[in-house]
Amino acid sequence: MRIDILSVLPELLESPFQHSIMKRAQEKGLLEVKVHQLRKWAVNEYGQVDDYQYGGGAGMVIMCEPLAKAIEELAAQRKYDEIVYLTPDGETLNQKTANTFSLKENLLLICGHYKGIDERIREHFVTKEISIGDYVLSGGELAAAVLVDTIGRLLPGVLNDETSALFDSFQDNLLAPPVYTRPEDFRGWKIPSVLKGGDHKKIEEWRHEQSIIRTKKRRPDILKED
Ligand code: ADE
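For clarity, every value in this text was computed on a predicted model and none was experimentally measured. Here the residue numbers are simple positions, counted from 1 along each chain's written sequence. Where local features are concerned, this predicted model is filtered to residues with pLDDT of at least 70; where side-chain atom pairs are given and counted, the filter is 80 or more; whole-chain, interface and lining totals use all residues. Excluding hydrogens and water, the side-chain figures rest on all heavy atoms present in the structure.

**Digging into the state of the cysteines**
Thought 1: For this text, the term disulfide refers to a pair of cysteine sulfurs within 2.5 Å. Counting across every chain of the model gives zero disulfides.
Thought 2: Cys-64 forms no disulfide, and the closest cysteine sulfur to it belongs to Cys-111, at a distance of 17 Å.
Thought 3: Only protein chains enter the calculation, and the probe is 1.4 Å; a residue is then buried if its accessible area is under 20% of its type maximum, exposed if over 50%, and partly exposed in between. Since its relative accessible area comes to 21%, Cys-64 is described here as partly exposed.
Thought 4: Given the relative accessible area of 2%, Cys-111 is considered buried.

Written as structure tokens, this is what we have:
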């Protein structure tokens with residue numbers, strides 16, 4: 001999968017993809033992430049990409065021209081399955097959306113800043129609008145990093161144990177069960193004895209049961225989703 005990201009602050013996206021699972025995904029050639037500085041398509045020699053909003057009000061808006069030019073130039077090089085704008089008024093990201101995105105080949109992500117981007121770009125180029133939650137970030141970069149991470153780990157071959165993403169929280173609309181590691185007894189706090197028995201069927205049953213208990217208690221809303 002190839003993911004292009006348009007941003008006025010590419011520095012914010014330098015580290016998130018250079019470690020751990022995202023790093024491995026790229027080294028294995030399963031994921032390619034390219035961040036583009038939007039100012040490359042600035043409207044003047046000062047690198048301007050934003051302007052005051054019509055109608056007045058505080059905050060700048062990213063202009064049509066740099067975005068349109070950038071999108072058209074990138075789209076001439078590859079066909080994007082989705083052009084995604086990260087915005088707090090988008091559809092809230094969940095595991096199901098991430099699963100769907102992970103089946104795509106090329107994605108273009110647009111990070112907003114200040115007051116956001118000119119509405120006409122949303123109308124004419126953007127195919128999907130994604131929010132990572134009901135709160136406002138200073139820009140779309142951190143949201144883009146979250147989106148790429150959640151998609152990247154789902155790509156076949158990225159995780160060592162290929163099945164492990166299947167047991168993540170939210171797959172099957174269930175939260176993950178509790179996990180334990182050594183020592184077996186820490187300050188008198190013991191691990192559940194079923195985990196020591198070596199009876200894999202029993203362990204799976206216990207985990208499933210724990211997932212249900214945890215989900216009912218913490219996120220009863222997701223149990224009802226399909
Ligand atoms: N940009 C600013 N806030 C955001 C959010 N919550 N999700 C996605 N993009 C954003």
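**Regarding the pairing of strand S1 (residues 2-7)**
Each regular strand displays side chains that alternate between the two surfaces of the sheet.
Thought 1: Where burial is concerned, most of S1 is hidden: six out of the six residues are buried.
Thought 2: Numbering of helices and strands runs from the N terminus; a helix is a DSSP stretch of H or I covering at least four residues, while a strand is a stretch of E covering at least two. On S1, burial covers both faces: Arg-2, Asp-4 and Leu-6 on one face and Ile-3, Ile-5 and Ser-7 on the other are all buried.
Thought 3: When DSSP finds two or more bridges between a pair of strands, those strands are recorded as paired. Sheet analysis places S1 next to strand S2 (residues 32-37), joined by six bridges and oriented parallel. Its bridge partner lying in S2, Asp-4 is registered against Lys-34.
Thought 4: Handedness is read with the strands pointing away from the viewer; a crossover is right-handed when the path from the first strand over the helix to the second is clockwise. You can see the chain leave S1, run along helix H1 (residues 20-27) and come back into S2, and the turn it takes is right-handed.

**Here's the deal with the site of the ligand**
Thought 1: If even one non-hydrogen atom of a residue comes within 4 Å of a molecule or strand, that residue is called near it. Around the ligand, the structure places Leu-86, Thr-87, Pro-88, Ile-130, Ser-131, Ile-132, Gly-133, Tyr-135, Val-136, Leu-137, Gly-139 and Ala-143.
Thought 2: Note that a nitrogen atom of the ligand is positioned 2.8 Å from one of the backbone N or O atoms of Tyr-135.
Thought 3: The fraction of the free accessible surface of the ligand (260 Å²) that becomes covered by protein chains is 96%.
Thought 4: The set of elements that each furnish at least two residues to the shell around the ligand consists of strand S5 (82-92) and strand S7 (128-131).
Thought 5: For the shell around the ligand, the element with the most residues is S5, which contributes three residues.
Thought 6: Among the residues making up the shell around the ligand, the classes are represented as eight nonpolar, four polar and no charged. Within 3.5 Å is the distance limit for a polar contact, defined as a pair of N or O atoms, with the added protein rule that one can donate a hydrogen and the other accept it, and that residues adjacent in sequence qualify only through two side-chain atoms. Surface exposure here means Shrake-Rupley accessible area, sampled with a 1.4 Å probe, where a residue is shielded only by the protein chains that are shown. Three classes are used, and their members are as follows: Ala, Val, Leu, Ile, Met, Phe, Trp, Tyr, Cys and Pro are nonpolar, Asp, Glu, Lys and Arg are charged, and the others, Gly among them, are polar.

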